[in-house]
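Here's the letter readout for the chains.
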Amino acid sequence: MLGFFAGSMVLLLVLQRLPGIGGLFRGFFGFWLAAILFSVLAERVASLLAARRRFTRATADLGHVESAYNQGKLGSLLLSAGKSAAAVEPLQRACAGEPESAEWAYRLGLALLATDRADEALEALQRALELNSEHAYGEVHLALARAHLALRRDEAALATLARYEREHGPSPESAYHRGVALRMGGDRAAAKLAFCEVGELASRAARFQRKAQSVWVWKAWLARLA
C-alpha cells in the first residue's frame, strides 16, 4: 500500500505540471484520477514483465534441447516475438533435422525475409510449397510473393499471387501485393484498381478479421497517393 500511495503521489506531481491538463489533477479528485492511472500503468508493467519472464523461460527450456523439433519451436517463438535475426539459426537447424517439415521451411523463409535476405527466403519458401502447397492456408504463397517483390521480380510475384487467388480467393493482402507488383511493372492504372480492391475485400471480411485487414487498407490508401 505504501508503494502504491508513493507511486500515485509521484505520478500526481508529474501530471499537475503538464500544460493544459494539469488543472484536472488538483485536490482529492485529482489524486483519485492519478491513483487510477497509476493502477492501470502498474498492472500493464506487471503483465509485460510476466510475459517477458515466460518468454525467457520458454526460450531457455527449448534451447537446452538440440532436437530439430525443439529448435523449430524455439525459432518460431523468437520469430513471433519479433526477434527474426535470432530465429534464423534455430530454424535452419530444424530444417536440417526435419527436412520434410513445411512448417520449419515456412518459418525460416519468414525469418529470412524479415532480415532482408530475400534470396535465401525465396529458396526456403519454395521448399515449403513443394512440401505442402496448402500449408498455413496459403500464406506461404503470400510470403513468396513478398520475397519476389523484394527482389524486384514483379512477373514472378504476379504469377504467385494469381495461384494464391485461384486456390484461396483474393484477400486484402494479395490485392495489395498485386498492386505493388503491377506498379513495379509499369502498369499504374491496373495497380490503382488493385489498391482500390483492397478496401472492398476488407469490407467483406468477417468481423474478427477486420482489424488485421485494416493494415492493408491503410497501406493501399498510402500507395494510391504515391
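Residues numbered from 1 in each chain as written. Predicted model: local features only at pLDDT ≥ 70, side-chain atom pairs only at ≥ 80, totals over all residues. Heavy atoms only, no water.

Engineer: How would you sum up the packing of helix 9 (residues 172-184) against helix 11 (residues 210-225)? Please name residues and give values.
Structural biologist: Relative to each other, helix 9 and helix 11 sit at 25°, their axes nearing to 9 Å. Between helix 9 and helix 11, the angle is such that the two are roughly parallel. Read as a crossing pair, helix 9 and helix 11 show a hand that is left-handed. Listed contacts from helix 11 to Pro172, Glu173, Tyr176, His177 and Arg183 of helix 9 are Gln213, Trp216, Lys219, Ala220 and Ala223. Broken down by class, the residue content of the contact of helix 9 with helix 11 amounts to 5 nonpolar, 2 polar and 3 charged. (Axes fitted to C-alpha atoms, helices over the stretch in contact; angles between N-to-C directions. Helix = DSSP H or I, 4+ residues; strand = E, 2+ residues; numbered from the N terminus. Parallel < 35°, antiparallel > 145°, perpendicular 65-115°, else oblique. Left-handed = near helix turned anticlockwise from the far one by under 90°. Contact = heavy atoms within 4.5 Å. Nonpolar A, V, L, I, M, F, W, Y, C, P; charged D, E, K, R; others polar.)

Engineer: Account for the nonpolar core, with residues named and values stated.
Structural biologist: If you look at the biggest cluster of nonpolar residues, it comprises 27 residues, and the most contacted ones within it are Tyr106 and Leu125. For this core, the element with the highest residue contribution is helix 5 (residues 102-114), accounting for 8 residues. Every residue in contact with Tyr106, bar those within four places of it in the chain, is listed here: Leu125, Ala128, His135, Ala136, Glu139, Val140 and Ala143. Core analysis: the next-biggest nonpolar cluster, separate from the first, contains 15 residues, Ala157, Tyr176, Leu201 and Ala223 among them. (Core = buried A, V, L, I, M, F, W, Y, C linked by side-chain atoms within 4.5 Å. Buried < 20%, exposed > 50% of the residue type's maximum accessible area, 1.4 Å probe, protein only.)

Geometric values such as these leave the question of function open.
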